[in-house]
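# Structure assessment
Here is what each chain is made of, one letter per residue.
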Amino acid sequence: MAGEPQADCLFCKIVAGDVPATVVRESATTVAFRDINPQAPTHVLVIPRVHYPDAGTLAVAEPAIAADVLTEAAAVAAQDKTDASGYRIVFNTGAGAGQTVFHAHAHVLGGRGLNWPPG
Ligand code: 5GP
Ligand code: ZN
């Protein structure tokens with residue numbers, strides 16, 4: 001069922017505590033943890049506890065939780081003090097855009113110069 005944990009999903013396993021992660025923030029609806037392969041000094045993933053394959057699907061089904069993901073992404077940036085210098089929130093959607101884990105997640109990137117447009 002949509003929103004239910006998926007047995008084969010890495011990020012559902014992180015939510016459940018079955019796969020370790022460096023958690024930096026938690027809320028009732030989200031978990032934020034450092035990316036295992038950081039692309040910037042701050043590179044944190046913010047995920048909903050519920051399973052949806054991407055951010056758009058999450059937003060349609062659970063708009064309040066999608067908003068929580070954004071709120072927590074901003075809180076991560078403030079916690080890592082990247083909010084003054086600027087940071088980027090990215091939702092890769094689809095394999096063609098580089099999505100490799102099909103559980104909705106925001107990348108929070110900061111702590112270095114960020115080119116626009118991204119590659
Ligand atoms: P995507 O490519 O789907 O937008 O982002 C998936 C992200 O998850 C990648 O940046 C990748 O480095 C990260 N990632 C993959 N496996 C793990 C893991 O086991 N632990 C953590 N913390 N991050 C992971
Ligand atoms: Zn999942």
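Further up the page is the structure itself.
Residues numbered from 1 in each chain as written. Chains lettered and ligands numbered in written order. Predicted model: local features only at pLDDT ≥ 70, side-chain atom pairs only at ≥ 80, totals over all residues. Heavy atoms only, no water.

Another point: the overall build of the protein chain. When helices and strands are tallied, the protein chain shows 3 helices and 5 strands. Counting from the amino terminus, helix and strand elements in the protein chain follow one another as α-β-β-β-α-α-β-β. At 14 Å, the protein chain has a C-alpha radius of gyration in line with the 14 Å of a compact globule built from 119 residues. Considering only intrachain contacts with a sequence separation of at least 6, the fraction spanning at least 24 residues in the protein chain is 52%. Accessible surface, the protein chain as shown: approximately 6500 Å² in total, 57% of it carbon and sulfur. Across the protein chain, the mean location of the 7 positive side-chain charges is 10 Å away from that of the 11 negative side-chain charges. (Helix = DSSP H or I, 4+ residues; strand = E, 2+ residues; numbered from the N terminus. Rg over C-alpha atoms; globule rule 2.2 N^0.38 Å. Contact = heavy atoms within 4.5 Å. Areas by Shrake-Rupley, 256 points an atom, 1.4 Å probe, with all protein chains shown as cover. Lys, Arg positive; Asp, Glu negative; His and termini not counted. Charge placed at Lys NZ, Arg CZ, Asp CG, Glu CD.)

For the rest of this paragraph, the subject is the sheet that holds strand β1 (residues 23-26). An order of β1-β2-β3-β5-β4 is seen for the 5 strands of this open sheet, with the pairing classed as antiparallel. In this open sheet, the two strands that pair with only one neighbour each are β1 and β4 (87-90). Shown here is a sheet whose adjacent strand axes are inclined to one another by a mean of 20°, direction ignored. Taken together, the 5 bridges between strand β2 (residues 30-34) and strand β3 (residues 42-48) define a ladder with antiparallel strand orientation. By the bridge assignment, T30 is partnered in β3 with P48. (Pairing = 2+ DSSP bridges. Axes fitted to C-alpha atoms, helices over the stretch in contact; angles between N-to-C directions.)

Attention now moves to the pairing of strand β5 (residues 106-110). Judged by how many residues are buried, β5 sits mostly within the fold: 5 of 5 residues are covered. Side chains A106, V108 and G110 project from β5 onto one buried face, and the interleaved H107 and L109 project onto a second face that is buried too. Two strands pair when backbone bridges link them, and β3 and β5 are joined in this way by 5 bridges, in the antiparallel orientation. Directly across from V46, in β5, lies its bridge partner A106. Here 4 bridges tie β4 to β5, and the two strands are oriented antiparallel to one another. Opposite Y87, over in β5, you have G110 as the bridge partner. (Buried < 20%, exposed > 50% of the residue type's maximum accessible area, 1.4 Å probe, protein only.)

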